[in-house]
Amino acid sequence: MAKWFIRIGLGLLALLAAVLLIGAGVVYFSIDDSYPQVDGEIQLDGLNAPVDIYRDQAGIPHIYATTEHDLFFAQGYVHAQDRFWQMDFQRHVGSGRLSELLGSATIETDTFLRTMGWERVARAELENLDPQARAMLEAYAEGVNAYIAEHKGTAASLEYLFLNLLNSNYEPEPWTPLNTLVWAKAMAWDLRDNMDAEIERAILLNQFPAERVAELFPAYPDEAPIIVPDFVISDSSAAQPSTPTSATALPNEALALFEGVDNQIAVLDQILGGNPEAELGSNSWVISGDLSATGAPLMANDPHLSASIPSIWYQNGLHCRPVGPDCQFETVGVSFVGAPGIVIGHNARIAWGMTNVGPDVMDLFIIKVNPDDADQYEMNGEWVDMQVVTEDIVVAGGDNIALPVRITQFGPIISDSYGDLADFDQTAGIELPKNYAIALSWTALEPGQTFESIFRINRAQNFAEFREAASYFVVPSQNLLYADVNGNIGYQMPGRIPVRAAGDGRLPAPGWTDEYAWTGYIPFEELPYALNPASGYIVAANNAIVSDAYPYQITDQWDLGNRATRIVDMIEAANGPMDAAYFQMMHGDSLNLGALDMIPYLADLSFDDGRLTELRDRVLAWDGRQSIDSVGCAVFNAFLMNLLAQTFHDELPEDYWPGGGNRWYAVYETLLADPQNAWWDDVNTSEVESRDDILRSSFAAGVAELEGRLGSDASQWVWGDLHTITFVHGVMSDFPVIDGLFNRGPFASSGGSSLVNATAWEANNGDYTIGTLPSKRTIFDMGNWENSLQINITGQSGHAYADHYIDLAEVWANVEYMPMHWDFAAIEADAEAHLHLVP
C-alpha cells in the first residue's frame, strides 16, 4: 500500500511532524478519548430488553440477550466499540469508495474495484436474503449506529484525528447491511488462487518454451495426502473432462493488457494485505474419540492470513438466554468485524473449522472489441452489445468521476481500469493492443448466499444440518471440518465450482467464442464430503481434496502437501491417545520437510574457504526444525533466499521472482535431480553454470549476507533475529512519524514457509520478516467445551495503547493459548468487566 500512500505521506510529512510536536497533548487525550465504556450501564434506543456483556481477562466479550434482535444489536455495538475504524475502512475498500475517504491517491484502485462491481453484486444479494438473515443484518447495523451516533471523531477511534488532515469534511455514514455484504467479496479476493497464475503463465509462455514454464508449476505429488481419498460419485454423467487451453490461442498483442491488469491486482493486494506469492492457506485437522485422550473428538484450526493490527478476527460469544425457537444462537469463536455471527467456532452440539480450498473459479477471457464501436464485442462471428453501467466515484478534495463499466457475457472488462499506459510500449517493449480487452469471470461476481450459510452453520445441530447449511456457501470455497458431541467427525467442500465447455482455466481463453464458456457448476451433491472415515482423522491443509479419478476439475494448484504430510505423520506417530497438549505441539511444529529434501545436495560441494565448509557441515547436521534459537536454520534460509535469486532472477521478469514456499520446494525437487537443467545457467555470464556452481555460490552469498546482517560470530546467527513479525496498521503505517503510534513489534517467531507453524516469509521481499501467519489458533474439545483453547495474533481492541491492543502477541508467538470460555460460571468468574445495556 506504500506505493499509493506515499503520494500522501511524503507531502504531509512536515505537517504531520508539526502536528505531533505541537499537538502532543491533543494526541494524548485523543488516545484516552477513544477507549469505550465496558463497565456499568448504558441506555440505548432500539433494544427490546436488557443485554449483559461480560469481557474476560483478554477483553473478549460474551453477549447474553433474550432475543436474536438484541443479540446481534449488541454484537454490532461491541464491534463498533473496539474496531470501528477497521470496519469503516473495510467498507470503503469493499465498495470501491476509498477516494471518498483518502482522496485522489486511490482513484485507480477505486476504478478497479468499481469495475469488478463488488457492491453491485452485494446489492443483488441483499435483495435475495431470507427474512431471518436480513433481520440479523439490520439488527447488527442498528447496534453499530447506536454506538457511532454518540461517538464522533476521536471518540470513535484515534485514526480520525489524522484522517482529518487529509479529509477534514469526512464523517462516517450510518452502517447498513450492504456494508456487511461487500466485505465478503474482499475476503473472497484475498483467498483467490488461480487468476495470478493464469496471468503469470500467459506472460511466461511468451518468453519461454512450454516445457520450461511447466517446470515452474509442479503437479501434485503422488505421495502427498488427499483429504477425501475414497470419494466417488455414483452418476457423473454431467461431468466433462477438462482439456488444456491452448497457448497458441492467445494473441501476443494482448499481453500488454495482462501486464497492466497484473499491476492493478498488485496494488489492490497491498491494500488488503495479501500477496499472490504469499502462502495464504490454513491448517485444520480433527480426530475421532478413538484417538483422543477424552474419548471425544478433538479439532484444531489455524487459518493463515496476512498479518495486521488489529487482527482480522474478533473473538466473542453469542448466547441466547434462554435458547429456544425465538432465539436459537449459542455460539463462541471468531467473527469478522462488520458482520454478525460466528465464522469459525462451536455451538452446544457441533464445532467447525475452515481452510481454503483454492479452487479455479476465476477465468480471464480475451475480448475482441469492435474497432468502430467500443461498446460491442465479437461473439461467434457477430458483434454484440456490451452492458454499460456508470459508477460515480466521489473524490475527497477533488472532482467526482463518472466511470463507465463495460460488461460482457463473461463478466466485466477489467483491462479498462489500470490507469495510464502512455509509456507502456516503451517500458515493456510491447505494442499496445487497440482492439482487445480482458474480461473476468469469477463466482464472487454472481449473487450468492454465503452469509446465510454462516448463520445456518451457527445453528446446525448435526452433520445433516451442517451439510444443508454448507450448501449455501458460495465463495470463497472452504474445506469445512466438522465434529460433534455425539462423537462424529466429518468434512464438506462447498462452493460454486465452474464446469467449462472446453479448456481447463489454466490460461486466458478466447472470448470471441462461447467455446470456453462456463456451462454450470458442480452440483452440491457431487462435491466431496466425508463422515467418520475409517482412519479416524481428517486433515485439511490446502492439500488435494480428491484423487485424479474425480470426474470434475476443482483446481490443479493445490498446496503441494508438505504441511498435510507433516500433520498426518504426527497423528500417526502419536504414542497413545492425543490430548490438547499434543495438538499444541502440532500447532507449533516447525519441521521443514522441504529443507530436509534439499540439504543432501550440499554434502558433496567443495569450498576454498574453510569457514564455508564448517557452516555447510552445520547445515548438514541441522535437524530441519525452524526454532527461534537455531543457527542451522538461519544459515539454510539465507542460502535458500540467495539460491532462489541466483537460479531465477536472471531470466524471470521481476514481477514473477519466486517468494519461496511449497511451490518452489517442489520446483527444486525436479531441478536438483537435473544438474544441467537450463534454469541453473546464469544467462548474464559467458560460462554455462551447472547445479553445483549455483549451489556453491548461493551458499557463499548467504553466509556473506548473514555476516552483514548479524555480524561475524556465526554462533549468534539465530533464526529469531531474522524471522520476526511487526504488526503494521492497515493505513497509518504508511505515514511517517505517526506510524509508531499504531505499529507494534518486532516479535521473534519460530516457523517459516510451508511448515505447520506457517509463519511464512517471502524471498522476493529481500528479508525474512513474516508476511502471512496463523491468524488465530484454536483447539476444540468436544468432550468438554470449557477445555477448548484459542489465541488471536494481537488483541481484541483496535484502539492504540488500549490494554488489549497487543496483549496477545507474545502468547501467540510462543504458541500458547487463552481459555475459550463456554460455561456462564466460568465467564462470570473470569470477567474483568460487565456492561449492562438497557432499553
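Everything below is about the structure printed above this text.
Residues numbered from 1 in each chain as written. Predicted model: local features only at pLDDT ≥ 70, side-chain atom pairs only at ≥ 80, totals over all residues. Heavy atoms only, no water.

Concerning the side chain of Asn-370
Structurally, the position occupied by Asn-370 is in strand 10 (residues 362-370). Among the residues examined, Asn-370 registers a relative accessible area of 8% and is labelled buried. Of the polar contacts made by the side chain of Asn-370, one reaches the backbone nitrogen of Asp-372; its length is 2.9 Å. Separated by 2.9 Å, the side chains of Asn-370 and Gln-376 make a polar contact. Once residues lying within four places of it in the same chain are set aside, the contact partners of Asn-370 are Gln-376, Tyr-377 and Trp-383. (Helix = DSSP H or I, 4+ residues; strand = E, 2+ residues; numbered from the N terminus. Buried < 20%, exposed > 50% of the residue type's maximum accessible area, 1.4 Å probe, protein only. Polar contact = N/O pair within 3.5 Å; in protein donor to acceptor, adjacent residues only side chain to side chain. Contact = heavy atoms within 4.5 Å.)

Some thoughts on unusual backbone geometry
Look at the link from Ile-309 to Pro-310: it is a cis peptide, with omega at 0 degrees. If you trace the backbone, Pro-310 turns up in the loop between strand 5 (298-306) and strand 6 (313-320). The linkage connecting Val-475 with the following residue, Pro-476, adopts the cis geometry, with an omega of 0 degrees. The residue Pro-476 is located in the loop between helix 16 (463-470) and strand 17 (478-484) in this model. Residue Asn-380 is not a glycine yet carries a positive backbone phi of 55 degrees. Within the secondary structure, Asn-380 is located in the loop between strand 11 (373-379) and strand 12 (382-385). Note on Asn-380: relative accessible area 45%, which makes it partly exposed. Not every positive phi belongs to a glycine, and Asn-542 is a case in point at roughly 65 degrees. On the secondary structure map, Asn-542 appears in the loop between strand 23 (537-540) and helix 17 (562-572).

A short note on empty space enclosed by the protein
All told, the structure shown has 12 cavities of 30 Å³ or more when counted by the stated rule. Lining the largest cavity are 25 residues, with Met-187, Phe-336, Val-343, Met-354 and Pro-476 positioned closest to its centre. When contributions to the lining of the largest cavity are tallied by element, the ones reaching two or more residues are helix 10 (177-190), strand 4 (281-287), strand 5, strand 9 (350-356) and helix 15 (450-459). Looking at the lining of the largest cavity residue by residue, the class counts come to 18 nonpolar, 7 polar and no charged. (1 Å grid on protein atoms, 1.4 Å probe; cavity = no way out; pocket = protein on both sides within 12 Å on 5 of 7 lines; lining within 4 Å. Points joined across faces, edges and corners; volume = space filled by probe spheres on them. Nonpolar A, V, L, I, M, F, W, Y, C, P; charged D, E, K, R; others polar.)

A look at the packing of aromatic side chains
One pair of aromatic rings is described through two measures. These are the centre distance and the angle between the planes. For the coordinates displayed, the defined rule picks out 37 aromatic pairs. Both rings, one in Phe-639 and one in Phe-699, keep their centres 6.0 Å apart while their planes meet at 50 degrees; by these two values the pair is tilted. Of this pair, Phe-639 sits in helix 21 (residues 631-648) while Phe-699 sits in helix 23 (residues 691-710), and the two are 60 residues apart along the sequence. This pair shows no difference in class: Phe-639 is buried, exactly as Phe-699 is. One Lys or Arg, Arg-744, reaches over the ring of Tyr-801 and ends 4.6 Å from the middle of that ring. (Phe/Tyr/Trp six-rings, centres within 6.5 Å; stacked < 30°, edge-to-face > 60°. Lys NZ or Arg CZ within 6 Å of the ring centre and 35° of its normal.)

Notes on the pattern of salt bridges
Any two side chains of opposite charge can pair, on the condition that their charged atoms come close. In this structure the tally under the stated criterion is 28 salt bridges. Here Arg-97 ties to Glu-173 by a salt bridge, and the two come within 3.2 Å at their closest N and O atoms. Placement of Arg-97 in the loop between helix 4 (68-94) and helix 5 (98-102) and of Glu-173 in the loop between helix 9 (159-166) and helix 10 is noted, with a sequence separation of 76 residues between them. Looking at Arg-97, the relative accessible area reads 13%, which means it is buried. Among the salt bridges present, the one from Glu-446 reaches Arg-496, with a minimum N-O distance of 4.0 Å. One end of the pair, Glu-446, is in the loop between strand 16 (436-442) and helix 15; the other, Arg-496, is in the loop between strand 18 (489-492) and strand 19 (498-500), and 50 residues separate them in sequence. Its relative accessible area of 24% is what places Arg-496 among the partly exposed residues. (Salt bridge = Lys/Arg side-chain N within 4 Å of Asp/Glu carboxyl O.)

Comments concerning the side chain of Glu-391
Mapped onto the fold, Glu-391 is located in strand 13 (residues 387-393). Glu-391 sits in the buried class, given a relative accessible area of 12%. Among the polar contacts listed, one links the side chain of Glu-391 to the side chain of Arg-120, at a separation of 2.7 Å. In this structure, Glu-391 is in contact with Arg-114, Arg-120, Ile-401, Ala-402, Leu-403 and Val-405, ignoring residues within four places of it in sequence.

Observations concerning the environment of Ala-74
Inspection of the secondary structure puts Ala-74 in helix 4. For Ala-74, a relative accessible area of 0% corresponds to the buried category. Spatially, the C-alpha atom of Ala-74 lies 5.7 Å from that of Gly-143, the residues being 69 residues apart in sequence. Once residues within four sequence positions are removed from consideration, Ala-74 is found in contact with Val-51, Ile-53, Ile-63 and Leu-837.

A closer look at the sheet that holds strand 2 (residues 51-55)
Sheet strands line up and pair through hydrogen bonds in the backbone, either parallel or antiparallel. Spatially, 1-31-2-3-6-7-8-9-17-18-22 is the arrangement adopted by the 11 strands of the open sheet, whose pairing is mixed. Looking at the sheet topology across the chains shown, the edges are occupied by strand 1 (40-43) and strand 22 (529-531). Put simply, the sheet's adjacent strands are angled 20 degrees from each other on average, direction ignored. Of the strand pairs in this sheet, strand 2 and strand 31 (residues 833-838) are connected by 5 bridges, and their pairing is antiparallel. In the strand pairing of strand 31, Ile-53 is matched with Leu-835. The strands touched by helix 4 within the sheet are strand 1, strand 2, strand 3 (61-65), strand 6, strand 7 (330-336) and strand 31, with strand 6 carrying the most contacts at an inclination of about 155 degrees. Across the face of the sheet, helix 15 comes into contact with strand 7, strand 9 and strand 17 while running at roughly 145 degrees to strand 9. (Pairing = 2+ DSSP bridges. Axes fitted to C-alpha atoms, helices over the stretch in contact; angles between N-to-C directions.)

Considering the pairing of strand 31
One ladder, built from 4 bridges, connects strand 1 with strand 31; its direction is parallel. Along strand 31, the bridge assignment pairs Gly-40 with Leu-835.

A look at the state of the cysteines
Applying the stated rule across the entire model yields 1 disulfide. What pairs with Cys-320 in a disulfide is Cys-327, and their sulfur atoms sit 2.0 Å apart. Around the S-S axis, the bridge from Cys-320 to Cys-327 shows a dihedral of about -80 degrees and counts as left-handed. Here the two residues Cys-320 and Cys-327 agree in accessibility, since each one is buried. (Disulfide = S-S within 2.5 Å.)

Some remarks on a negative patch on the surface
Together, Asp-222, Glu-223, Asp-548, Asp-597 and Glu-669 line one region of the surface with negative charge. Mapping Asp-597 onto the fold places it in helix 19 (residues 593-598). With relative accessibility at 52%, the residue Asp-597 sits in the exposed group. (Patch = residues over 30% accessible without salt bridge, like charges linked within 9 Å, V, L, I, M, F, W, Y side chains within 5 Å. Areas by Shrake-Rupley, 256 points an atom, 1.4 Å probe, with all protein chains shown as cover. Lys, Arg positive; Asp, Glu negative; His and termini not counted. Charge placed at Lys NZ, Arg CZ, Asp CG, Glu CD.)

Considerations on helix 18 (residues 580-587)
Taken together, the buried positions of helix 18 are Tyr-582, Phe-583, Met-586 and His-587. The buried side chains of helix 18 occupy one side of the element, clustering within an arc of 145 degrees when seen end-on. Contact partners of the buried residues in helix 18: strand 4, strand 5, helix 17 and strand 28 (776-781). Its side-chain oxygen at 3.2 Å from the backbone nitrogen of Ala-581, Asp-579 defines the N-terminal cap of helix 18. (Arc of directions from axis to C-beta.)

A few points about the sheet that holds strand 15 (residues 411-412)
On the basis of which strands lie adjacent, the open sheet formed by 3 strands has the order 13-14-15 and antiparallel pairing. Of all strands in the sheet, those with a lone pairing partner are strand 13 and strand 15, marking the two edges. Both strand 14 (residues 401-408) and strand 15 contribute to a ladder of 2 bridges, which runs antiparallel. Within strand 15, the residue paired with Thr-408 across the bridge is Gly-411. Seen against the sheet, helix 6 (residues 107-116) touches strand 13, strand 14 and strand 15 and runs at an angle of roughly 40 degrees to strand 14.

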